[in-house]
Amino acid sequence: MRSAENLLLVEGESDRSFFEEMCTRLGLRAHVRVAPPRDVGGRFNTKQGLLDHLPLLLKLLPQGPLKRLALVVDADFVANSGLGYTRTFNAIETLLSGHDFALAKRSTPQEQGLTFRHSNGLADLGAWIMPNNRDDGALENFLHPCVSAGEQALFQRAQHVVTSLPTPKFGPTQASKAELATWLAWQRNPGRGVHHALRDDLFDAACPPFAGFSAWLRRIFP
């Protein structure tokens, strides 16, 4: 762990690339490290791997090697054998309460993201449960409403193709992933990840989900 590090903990490598690009756009890359669990001593780059490694990282906060910490995880879908939003939130809250962090009230009704406050003055800890800290889902559900205006026609075409498949091999909860992947497969450089789509301005960074997430990041990493 680097000295006095600010860490944004994510589930895996593809998430790291996307949120690094977001931090770059917000001017945060110079002082925020984006990393999946294995890069900071964890065993697995998964949601459960992140939750398993979180207690060790929390122990570093009072000691100083870790200055500020935030995490981004997918809620996933209960219907797809995932935890879903409520159980994901409860798991995070239980882990944090064991280290004297409690959920802080929102300062305004419009404030998005979760902020946990320490009882003894450590820096606030942030959590964002994709897509919106309320519903089951994943990063893809966060991104769907942020497809740029110039890409809407192509994206809607991709959605139509996916929903029109006579016998899809994926379940209903995976449709949003298939739609996004289909749209990305039709770009000038087919199949590149969502971080490239963000870099190429295929998403509208001013859309409400992006704006809310950006404000949350700046609040946790001032």
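Treat the numbers as computed from the prediction; the structure is a model and nothing was measured. By convention here, each chain's residues receive numbers from 1 onward along its written sequence. Confidence filtering applies because this is a predicted model: local features only for residues at pLDDT of at least 70, side-chain atom pairs given and counted only at 80 or more, and all residues used for totals across whole chains, interfaces and linings. Where side-chain values are given, they derive from all heavy atoms of the structure, hydrogens and water being excluded.

Here, the term disulfide refers to a pair of cysteine sulfur atoms separated by no more than 2.5 Å. For the coordinates displayed, the defined rule picks out one disulfide. Linked covalently through their sulfurs, Cys146 and Cys207 form a disulfide whose S-S length is 2.1 Å. In this structure, the disulfide formed by Cys146 and Cys207 twists by about 80° around the S-S bond and is classed as right-handed. Taken together, the positions of Cys146 in the loop between α4 (139-143) and α5 (152-163) and Cys207 in the loop between α7 (194-199) and α8 (208-220) put the pair 61 residues apart, joining distant regions of the chain. By the burial criterion, Cys146 is buried, and Cys207 matches it. Helix and strand definitions here come from DSSP, where helices need a minimum of 4 consecutive H or I residues and strands a minimum of 2 consecutive E residues; each element is numbered from the N-terminal end. The cut-offs for exposure are 20% and 50% of the maximum accessible area for each residue type, with area from a 1.4 Å probe on protein chains only; residues under the lower value are buried, those over the upper are exposed, and the others partly exposed.

With that out of the way, let us pick up the side chain of Thr88. Along the chain, Thr88 falls in helix α3 (residues 84-97). Nitrogen and oxygen atoms within 3.5 Å of one another constitute a polar contact, given that in protein one can donate a hydrogen and the other can accept it, and given that sequence-neighbouring residues count only through two side-chain atoms. In this structure the side chain of Thr88 is engaged in a polar contact, spanning 3.5 Å, whose partner is the backbone oxygen of Ala75. In what follows, residue pairs with any heavy atoms lying within 4.5 Å of each other are defined as contacts. In this structure Thr88 touches Lys47, Val73, Asp74, Ala75, Leu83 and Ile129, once residues within four positions along its chain are discounted.

What follows deals with the sheet that holds strand β4 (residues 101-103). Within a beta sheet, neighbouring strands are joined by backbone hydrogen bonds and run either parallel or antiparallel to one another. Spatially, β2-β1-β3-β6-β5-β4 is the arrangement adopted by the six strands of the open sheet, whose pairing is mixed. Bordering the open sheet on either side are β2 (33-35) and β4, each of which pairs with just one other strand. Adjacent strand axes in the sheet meet at a mean angle of 25° when their direction is disregarded. Contacting β1 (5-9), β2, β3 (66-74) and β6 (125-130), helix α1 (residues 13-25) runs over the sheet at an angle of about 165° to β2. Axes, fitted as lines to C-alpha atoms, cover a helix only where it is in contact. Angles between the N-to-C directions of the axes lie from 0 to 180 degrees. Each of β1, β3, β5 (114-118) and β6 is contacted by α8, which is oriented at about 160° to β6, the strand it contacts most. When DSSP finds two or more bridges between a pair of strands, those strands are recorded as paired.

As a further point, take the packing of aromatic side chains. When two rings of Phe, Tyr or Trp (its six-membered ring) have centres within 6.5 Å they constitute a pair, described as stacked for plane angles under 30 degrees, edge-to-face for angles over 60, and tilted for the intermediate range. With the rule as written, the count across this model stands at 13 aromatic pairs. Grouping aromatic residues by their ring pairs yields a cluster made of Phe18, Phe19, Trp128, Phe142, Phe155, Trp183, Phe203, Phe210, Phe213 and Trp216.

This next bit is on unusual backbone geometry. In this model, Met130 is joined to Pro131 through a cis peptide bond whose omega is 10°. When you line up the elements, Pro131 lands in the loop between β6 and α4. Despite not being glycine, Asp201 shows a phi value in the positive range, around 60°. Its location among the elements puts Asp201 in the loop between α7 and α8.

Attention now moves to the layout of surface pockets. Put plainly, a pocket is an open set of points on a 1 Å grid over the protein atoms alone with protein on both sides within 12 Å along at least five of seven lines, a cavity is a set where a 1.4 Å probe fits but cannot get out, and a lining residue has an atom within 4 Å of a point. Grid points are joined across faces, edges and corners, and a volume is the space filled by probe spheres set on the points. If you add up the space inside the largest pocket, you get close to 410 Å³. Ser14, Asp15, Asp74, Glu140 and Lys177 are the residues nearest the centre of the largest pocket, which is lined by 24 residues in total. At the level of secondary structure, the elements contributing two or more residues to the lining of the largest pocket comprise α1, α4, α6 (175-185) and α7. Top element by residues in the lining of the largest pocket is α6. It accounts for five residues. Amino acid classes used here: Ala, Val, Leu, Ile, Met, Phe, Trp, Tyr, Cys and Pro are nonpolar; Asp, Glu, Lys and Arg are charged; the rest, including Gly, are polar. Classifying every residue of the lining of the largest pocket gives eight nonpolar, nine polar and seven charged. Of the volumes computed, that of the second largest pocket is approximately 160 Å³. Lining the second largest pocket, in full, are Leu184, Gln187, Arg188, Asn189, Arg192, Gly193, His196, Ala197, Asp200 and Leu202. Partitioning the lining of the second largest pocket into residue classes produces three nonpolar, four polar and three charged.

We now examine α8. Between its terminal C-alpha atoms α8 stretches 18 Å, which fits the 18 Å expected from 13 residues at 1.5 Å a residue. Those residues of α8 lying buried are Pro209, Phe210, Gly212, Phe213, Ser214, Trp216, Leu217 and Ile220. Expected span of a helix, by definition, is 1.5 Å for each gap between consecutive residues, and there is one gap fewer than residues.

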